[in-house]
Amino acid sequence: RDYGAVGRAFADIKHQLGPIDAMIYNPQPPLVGDLREWMPVTMNFEELHRCMDICCLAAINCVHQVAPDMIERGDGAIIITTSGSAIDPINTLGSIALSMAAARNYAYTLNQTLADKGVYAGTVCLSLLVEPGDKHGDPDVLAEAFWDLYTKRDRPENNVRTDVDPHEHHIRDMERFGREIPKS
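So, here is what we can say about the structure in this document.

## Section: the pattern of salt bridges
In the structure shown here, the tally under the stated rule is 11 salt bridges. The partner of Asp75 in a salt bridge is Arg153, and the shortest N-O contact between them spans 3.5 Å. Of this pair, Asp75 sits in the loop between helix 2 (45–73) and strand 2 (76–83) while Arg153 sits in the loop between helix 4 (139–152) and strand 4 (157–161); the two residues are 78 residues apart in sequence, bridging distant segments of the chain. For Arg155, the salt bridge is made with Asp148, and the minimal N-O distance between the two is 2.3 Å.

Below is the structure:
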């Protein structure tokens, strides 16, 4: 949570490479501990704070590092990656769902704020597992979702989904990684 270090890192990048044309913020809070601590009724506030920091607050800090220069130039792009739980909440991912929904909302409001300044802002919402070779989740396929937003700038979101119901997809992912899904 060293926001100052992030500012210094961006300053170093700008000094070495010049202005930043595009920024993609791609958070992934790790699923650790007992999943009951992520659920709405039994949610652990420390875990919620950690997820909110990773998914949303750090994104805002990064935007603060690049947006002023982009506004001054009248050009640039900011894309924040969010997860499907921001749209289709899953109770065992309560902390992530809240945090990703906040980040998604921020991307939308950022889009509204920056659009008339020549700066694009949006979100790619991933409702799937990123996995090489997967017809929906292959990194090359997903790169197209980001490139599409970056080049067209015609909407605030690109929602990348699999053909499996999000809740069923979550159950498969948890089983795949050996995680037991709590009943309550």
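## Concerning the packing of aromatic side chains
With the rule as written, the count across this model stands at 1 aromatic pair. Note that Arg153 overlies the ring of Tyr150, its terminal NZ or CZ placed 5.0 Å from the centroid.

## Notes on the pairing of strand 4
Note that strand 3 (residues 119–127) and strand 4 share 5 bridges and pair parallel. Opposite Ser127, over in strand 4, you have Arg161 as the bridge partner.

## Describing the nonpolar core
Where a protein is soluble and globular, its nonpolar side chains tend to be buried together. Membership of the largest hydrophobic core comes to 21 residues, with the highest contact counts inside it found for Met23, Tyr25, Val63, Val66, Ile78, Ile80 and Leu110. Looking at this core, the elements that each hand over two or more residues are strand 1 (22–25), helix 2, strand 2, helix 3 (94–114) and strand 3. Broken down by element, this core gets its largest block of residues, 8 residues, from helix 2. Judged by nonpolar contacts, the second largest core, of 11 residues, contains Ile79, Tyr120, Leu142 and Phe146.

Conventions and cut-offs
- Residues numbered from 1 in each chain as written.
- Predicted model: local features only at pLDDT ≥ 70, side-chain atom pairs only at ≥ 80, totals over all residues.
- Heavy atoms only, no water.
- Salt bridge = Lys/Arg side-chain N within 4 Å of Asp/Glu carboxyl O.
- Helix = DSSP H or I, 4+ residues; strand = E, 2+ residues; numbered from the N terminus.
- Phe/Tyr/Trp six-rings, centres within 6.5 Å; stacked < 30°, edge-to-face > 60°.
- Lys NZ or Arg CZ within 6 Å of the ring centre and 35° of its normal.
- Pairing = 2+ DSSP bridges.
- Core = buried A, V, L, I, M, F, W, Y, C linked by side-chain atoms within 4.5 Å.
- Buried < 20%, exposed > 50% of the residue type's maximum accessible area, 1.4 Å probe, protein only.

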